[in-house]
Amino acid sequence: MALVSGHPRGKVLKGFTALGPYIREGQCSDNHFFFDCLAVCINMQPAPEKREFWGWWIDLEAEEKRYTYTYHLGKFDKEGKWTESEFSDQDVIDKLESSLRAFHTRLRAYIATLNMTLEPAEAFKEQPFSLTA
C-alpha cells in the first residue's frame, strides 16, 4: 500500500521504527501514524504492567508533500490510556521536553530523506514548547 505521498507504507513504517521505541503500529492506520514515549515513571512500586508514566504522544498525518503533527503531554495510566495533563514539576517538564525534542529532530531528519517536510498541523498550537524553533 502506498501513502498519499506515493511512498510505500511498509518502507515508511520501517523507517519510523528505526527512530526508536516510539511507534505504536497497532494505533496507526492508512496515512496516520502514532508515536509515544513513557518518559518519567510516576511510581516504581506497582508491578511493571501496572505502572503509570508522564510522557508525550504524537499524531502524525501523511499528506501529499508533507507530514503534519500534533503532540500532547500527559499521563499514561495503568489501563494503557493517555490523558492530557499540565505539569508544575520542572524536572518532569525538562525530561518531557528533552525526549520530545530529540525524537522530533530524528523524525524531521528521516522525513527529509523522503523529500518531504514536517510541520505542525494547521489548527495545532505548539504548547508548552515549540518544536519548530
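In this text, all values refer to a predicted model and were calculated from it rather than measured experimentally. (Residues numbered from 1 in each chain as written. Predicted model: local features only at pLDDT ≥ 70, side-chain atom pairs only at ≥ 80, totals over all residues. Heavy atoms only, no water.)

(A) Main features of the environment of Glu-126. Locating Glu-126 in the fold gives a position in the segment after β5 (117-120). For Glu-126, a relative accessible area of 16% translates into the label buried. Expressed as a C-alpha distance, the spacing of Glu-126 and His-72, which sit 54 residues apart in the sequence, is 9.1 Å. (Helix = DSSP H or I, 4+ residues; strand = E, 2+ residues; numbered from the N terminus. Buried < 20%, exposed > 50% of the residue type's maximum accessible area, 1.4 Å probe, protein only.)

(B) Representation of the pairing of strand β1 (residues 32-41) within the structure. In terms of burial, β1 is a largely internal element, seven of the 10 residues being buried. As paired strands, β1 and strand β2 (residues 53-62) are joined by nine bridges and run antiparallel to one another. Directly across from Leu-38, in β2, lies its bridge partner Gly-55. (Pairing = 2+ DSSP bridges.)

(C) A look at helix α1 (residues 9-18). Taken residue by residue, α1 has Arg-9, Val-12, Leu-13, Gly-15 and Phe-16 as its buried positions. Along the axis of α1, the buried positions cluster into a sector of 160°, meaning they face one direction only. Facing away from the buried surface of α1 by more than 90 degrees, the exposed residues are Lys-11, Lys-14 and Ala-18. Those residues of α1 hidden inside the fold are in contact with β1, β2, β3 (66-76) and α2 (90-113). Positioned one or two residues after α1, Gly-20 has a phi angle of 140°, which is positive. (Arc of directions from axis to C-beta. Contact = heavy atoms within 4.5 Å.)

(D) Examining the packing of aromatic side chains more closely. Applying the stated criterion to the full structure yields 14 aromatic pairs. Measuring from ring centre to ring centre gives 4.8 Å for Tyr-22 and Phe-103, while their planes differ by 55°; the resulting arrangement is tilted. Here the residue Tyr-22 occupies a position in the loop between α1 and β1, and Phe-103 occupies one in helix α2, the gap between them amounting to 81 residues. For the pair shown, Tyr-22 and Phe-103 are each scored as buried. One aromatic cluster is present, built from ring pairs that chain together Phe-16, Tyr-22, Phe-33, Phe-35, Trp-56, Tyr-67, Phe-103 and Tyr-110. (Phe/Tyr/Trp six-rings, centres within 6.5 Å; stacked < 30°, edge-to-face > 60°.)

(E) Just unusual backbone geometry, in detail. One non-glycine residue, Asp-30, adopts positive backbone phi at about 35°. Mapped onto the secondary structure, Asp-30 falls in the loop between α1 and β1. On the accessibility criterion, Asp-30 (48% relative accessible area) is partly exposed. Even without a glycine there, the phi angle at Asn-115 is positive, about 60°. Along the chain, Asn-115 turns up in the loop between α2 and β5.

(F) Representation of the pairing of β3. The buried fraction of β3 is high, at 10 of 11 residues. As paired strands, β2 and β3 are joined by 10 bridges and run antiparallel to one another. Note on β3: the bridge partner recorded for Phe-53 is Phe-76. What sits between β2 and β3 in their antiparallel hairpin is a turn of three residues. As paired elements, β3 and β5 share four bridges and run parallel to each other. The partner of Thr-68 across the bridge, within β5, is Glu-119. Both β3 and strand β4 (residues 82-84) contribute to a ladder of three bridges, which runs antiparallel.

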